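Structure at a glance
The lines below spell out each chain.
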Protein chains: 2
Amino acid sequence: MTTAQRPTLEAVARRAGVSRATVSRVVNGSTTVAEPIREAVHRAVAELGYVPNLAARSLVTQRTDSVALVMPEAATRVFSDDQVFPGIIRGAALELEAADKQLVLMLAGSRAGHERVERYTTGRHVDGVLFASLHGADPLPGRLTRLGIPVVCSGRPLGDASVPYVDVDHVGGVTRAVQHLIDGGRRRIATIAGPQDMVGGIERLAGYQAAVTSAGLPEWVAYGDFTRESGVAAMRRLLAEHPDLDAVFAASDLMAHAALRTLRTAGRRVPDDVAVVGFDDIETAAYTEPPLTTVRQPIQEIGRRMTRQLLRLAAGEPIEPAVVLPTELILRDSA
Amino acid sequence: MTTAQRPTLEAVARRAGVSRATVSRVVNGSTTVAEPIREAVHRAVAELGYVPNLAARSLVTQRTDSVALVMPEAATRVFSDDQVFPGIIRGAALELEAADKQLVLMLAGSRAGHERVERYTTGRHVDGVLFASLHGADPLPGRLTRLGIPVVCSGRPLGDASVPYVDVDHVGGVTRAVQHLIDGGRRRIATIAGPQDMVGGIERLAGYQAAVTSAGLPEWVAYGDFTRESGVAAMRRLLAEHPDLDAVFAASDLMAHAALRTLRTAGRRVPDDVAVVGFDDIETAAYTEPPLTTVRQPIQEIGRRMTRQLLRLAAGEPIEPAVVLPTELILRDSA
DNA sequence: TTGTATGCGTTATCAG
DNA sequence: CTGATAACGCATACAA
């Protein structure tokens, strides 16, 4: 292993018999360099295996051509099978690909991880930061924004209102879902709510509450955290407390899936005895038994829009502070 | 939004009435600074909201305190439910957490993505590079190694043998699995092999071939790519070509799961008519119908060991060129 | 214990 | 079209 001293611009310049400035021009594709010189430089670059030092470059350009996508979650949840994070990642990756920028994924599940992400992003290691899903009132997005670092969140940030975000129309989707249940003759509609430290959890519950209340129906709530396990527990609680329920709206498809199975175990037929509606429209929603009626949110599009907003911001263009994407009720067999 | 000019060491120094060098010492936790001065500096740092510029720092220290984990796959596959990548990510995250280094995840699914990763890593944006799963003979690990950048691969790299790696004992695991089938009286043992451009696919097939051949048994192979869909197709082909098979070893649990369902659909009972063994021991393996007998590989441990090796390498310590972790046959009901 | 001076590898500004 | 030369923001050997 030749721990060869890494060649610098200087070395290339000497080899090619030109100045550093000229080498820099060629490397950066400037068109104002004479053809023979350009060739000589390219040859020298190849012979020496020269690769620009990004730290030096970004020190002067003030850019890094990379963008961070921060996921304030432990790896387990990020890579669970609800495919929400992966969808956002895919959307961001596609959009950054087009802009020829590097996507840097960072997990901030632990306290230390969160701090490390803060150091990394405030240290200008990236041109902008995307936040994938925030818990509670995380101060980091606001802090970065105040430092002048472009930030876009997925989901309205709970703490600092001044951070631009991309979200979906939770309330509209839930309202349509509950209305659909009511139209189908359901009158005892329960909900399995999501975590109340996340905007998605909060708004979907609010949407449910508004819909049942305005229809003069009772409000039956059990809380989960979007996962299957929590869905099972919540569904059991609901069945115990309200054995006569005839419909349930779950704030995530994973919890809806759990509800489906729990209801069957309890001897209830879906949708005959109990109708079930989920939220997300993940891939498996079409393959559950029975196939799940659910509120679709355009997950990948969230990633794309966030990224586009961020790139605009980084380019100094003004952007709208909030983008809200539509949701859609997908009718299948469970309701 | 105050696009405040970002404060530098210089600014902090002036504010605190000391030299840049002293501020630098305080910021980096040097103990040789008088208490009152240290306090003054800290105050100035807080008042100005100073954050060190990482590019400038790494330009002089030659370190970035971050490590890249490259996944040469599209996002879809990385985040599929086999949980192999997530396991490696978790292992690496845990180990880097302990070392207080930042984990930088990079997807290199497309051609352009691959190039971008190359620029990023060769540009010394990270102190070392972990490769999660290589297809074919990717030249990048070798190239980075020759540039003096620490690299560790998961799985023996197919191209350049000089790159250190961490792998599991594929052959040993498969041999035990097949032997278990033979001990159970099976004589017509087929395999659903993995992709032959990946070391895992190659070695698991080789292990199967060696085991059946040395037992004087026929060698029946159908190829998949580790996914469920490919497993269904492969199992169907095997059933069509060798309707009398009495066992199948699948090179991944996902494919084994598919085999289970396909066999049942075809009217075969597992394990009565056909025994099935998988490879991986993913979480769902315990919940399939029937629960899956499989070869466990310590996925998370792979991530941890890779990372430890990389950190040693980056610290200039010598490391063994190959680490091979043991596999274990987990007996459940499918075989 | 603190300050001074220097260099890390680029890009950008200006002359020529 | 090309070449000096000055930043960029920080860490550190050396001097005081």
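Definitions and limits used
Residues numbered from 1 in each chain as written. Chains lettered and ligands numbered in written order. Predicted model: local features only at pLDDT ≥ 70, side-chain atom pairs only at ≥ 80, totals over all residues. Heavy atoms only, no water. Least-squares fit on C-alpha atoms with pLDDT ≥ 70 in both. Contact = heavy atoms within 4.5 Å. Pairing = 2+ DSSP bridges. Helix = DSSP H or I, 4+ residues; strand = E, 2+ residues; numbered from the N terminus. Axes fitted to C-alpha atoms, helices over the stretch in contact; angles between N-to-C directions. Near = heavy atom within 4 Å. Polar contact = N/O pair within 3.5 Å; in protein donor to acceptor, adjacent residues only side chain to side chain. Salt bridge = Lys/Arg side-chain N within 4 Å of Asp/Glu carboxyl O. Buried < 20%, exposed > 50% of the residue type's maximum accessible area, 1.4 Å probe, protein only. Nonpolar A, V, L, I, M, F, W, Y, C, P; charged D, E, K, R; others polar. UniProt positions renumbered as here; feature names shortened; annotations may be inferred. Right-handed = clockwise from strand over helix to strand, strands pointing away. Core = buried A, V, L, I, M, F, W, Y, C linked by side-chain atoms within 4.5 Å.

**Quick word on the relation of the copies chain B and chain A**
Both copies of the chain are related by one operation, a rotation about an axis with a shift along it. Between chain B and chain A, the superposition needs a rotation of 180° and an axial shift of 0.0 Å, giving an RMSD of 0.1 Å. Here the two chains are linked by the operation of a two-fold rotation axis. Mapped onto chain A, 100% of the interface residues of chain B again fall at the interface, so both copies present the same surface.

**A few points about the sheet that holds strand S7 (residues 220–223) of chain B**
All names here are of chain B. What the six strands build is an open sheet, ordered S7-S6-S8-S9-S10-S12; its pairing is mixed. Here the strands that pair on one side only, and so sit at the sheet edges, are S7 and strand S12 (328–330). Looking at each pair of strands side by side, their axes are set apart by 20° on average, direction ignored. As paired strands, strand S9 (residues 275–280) and strand S10 (residues 293–296) are joined by four bridges and run parallel to one another. Paired with Gly278 across the bridge in S10 is Thr294. On top of the sheet, helix H10 (residues 199–214) reaches strand S6 (189–193), S7, strand S8 (247–250) and S9; it is set at about 170° to S6, its chief contact.

**Details of the protein's contact with DNA strand C**
The local shell around DNA strand C holds 27 residues, among which Leu9 and Ser24 of chain A together with Thr22, Arg25 and Ala34 of chain B are the closest. Considering the 4 Å shell around the protein, atoms of DNA strand C inside it are sugar or phosphate in 66% of instances. Arg57 of chain A places a polar side-chain atom, nitrogen or oxygen, 2.8 Å from a phosphate oxygen of DNA strand C. The side chain of Ser19 of chain B places a nitrogen or oxygen atom 3.1 Å from a phosphate oxygen of DNA strand C. Secondary structure elements with two or more residues in the surface near DNA strand C: helix H2 (20–27) and helix H4 (54–61) of chain A together with helix H2 (20–27) and helix H4 (54–61) of chain B.

**Regarding the pattern of salt bridges**
All chains considered together, the criterion is met by 45 salt bridges over all chains. When the shortest N-O distance is used, the salt bridge between Arg143 of chain A and Glu118 of chain A registers 2.6 Å. Note that Arg143 of chain A is positioned in helix H8 (residues 140–146) and Glu118 of chain A in helix H7 (residues 111–122), a separation of 25 residues in sequence. Under the relative-accessibility criterion, Arg143 of chain A is labelled partly exposed at 33%. Between Lys101 of chain B and Asp65 of chain B there is a salt bridge, with its nearest N and O atoms 3.0 Å apart. In this pair, Lys101 of chain B is assigned in the loop between helix H6 (84–99) and strand S2 (102–107) and Asp65 of chain B in the loop between H4 and strand S1 (66–71), connecting sequence segments 36 residues apart. The exposure class assigned to Lys101 of chain B is buried, which follows from its relative accessible area of 16%. We classify Asp65 of chain B as partly exposed; its relative accessible area is 30%. Among the charged side chains, a salt-bridge network with shared partners connects Glu97 and Asp100 of chain A together with Arg116 and Arg119 of chain B.

**Digging into the interface of chain B and chain A**
In this complex, chain B contributes 44 residues to the contact, which on the side of chain A involves 44 residues. Inspection of the chain B/chain A interface yields six salt bridges. One salt bridge in this structure joins Arg116 of chain A and Asp100 of chain B, with 3.2 Å as the shortest N-O distance. Our count for the chain B to chain A interface comes out at 13 residue pairs in polar contact (both at pLDDT 80 or more). Residue assignment for the side of chain B that touches chain A shows that the elements contributing at least two residues are H4, helix H5 (75–78), H6, S2, helix H7 (111–122) and helix H8 (140–146) of chain B. Per-element tally for the side of chain B that touches chain A: the top contributor is H7 of chain B, with seven residues. When the residues that make up the side of chain B that touches chain A are grouped by side-chain class, the tally is 20 nonpolar, 15 polar and nine charged.

**Structural notes on the UniProt feature "domain: HTH lacI-type" (unreviewed entry) in chain A**
Feature annotation in UniProt places "domain: HTH lacI-type" (unreviewed entry) on residues 7–61 of chain A, given in this structure's numbering. Annotated as 69% helix and 0% strand, the span residues 7–61 of chain A places its first and last C-alpha atoms 21 Å apart.

**Regarding unusual backbone geometry**
Residues and elements named next belong to chain A. Residue Glu289 is joined to Pro290 through a cis peptide bond whose omega torsion reads -5°. Residues other than glycine seldom take positive phi values, yet Gln62 does so here, at roughly 65°. Mapping Gln62 onto the fold places it in the loop between H4 and strand S1 (66–71). For Gln62, a relative accessible area of 59% gives the class exposed.

**Observations concerning the pairing of S6 of chain B**
All names here are of chain B. The buried fraction of S6 amounts to five of the five residues, a majority that puts the element mostly inside the structure. Alternating positions in S6 separate into two faces, Ile189, Thr191 and Ala193 on one and Ala190 and Ile192 on the other, with burial throughout. The pairing of S6 with S8 spans four bridges and is parallel. Bridge assignment links Ala190 to a residue of S8, and that residue is Val248. One ladder, built from four bridges, connects S6 with S7; its direction is parallel. Bridge assignment links Ile192 to a residue of S7, and that residue is Ala222. A crossover connection joins S6 to the parallel S7 through H10; in handedness this β-α-β unit is right-handed.

**Looking at the protein's contact with DNA strand D**
In the vicinity of DNA strand D there are 27 residues, among which Thr22 and Arg25 of chain A together with Leu9, Tyr50 and Arg57 of chain B approach most closely. In the interface set of DNA strand D, defined as its atoms within 4 Å of the protein, sugar plus phosphate atoms amount to 61%. One nitrogen or oxygen atom from the side chain of Arg20 of chain B is found 3.3 Å from a base nitrogen belonging to DNA strand D. With respect to DNA strand D, the side chain of Ser24 of chain B contributes an N or O atom lying 2.8 Å from a phosphate oxygen. Mapped by element, the contributors of at least two residues to the surface near DNA strand D are H2 and H4 of chain A together with H2 and H4 of chain B. By residue class, the composition of the surface near DNA strand D is 13 nonpolar, nine polar and five charged.

**Remarks on the nonpolar core**
Residues Leu69, Met71 and Leu130 of chain A together with Leu69, Met71 and Leu130 of chain B are the most contacted members of the largest nonpolar core, which totals 50 residues. The contact partners of Met71 of chain B, leaving out residues within four places of it in the chain, are Val78, Phe85, Ile89, Leu105, Met106, Leu107, Ala108, Gly109 and Ala132 of chain B.

**Observations concerning the pairing of S1 of chain B**
Residue and element names in this part refer to chain B. Burial runs high along S1: six of the six residues are buried. Of the two faces of S1, the one carrying Ser66, Ala68 and Val70 and the one carrying Val67, Leu69 and Met71 are both buried. Alignment of S1 against S2, held across six bridges, turns out to be parallel. Bridge pairing links Leu69 to Leu105 in S2. Sheet analysis places S1 next to strand S3 (residues 128–131), joined by four bridges and oriented parallel. Opposite Leu69, over in S3, you have Leu130 as the bridge partner.

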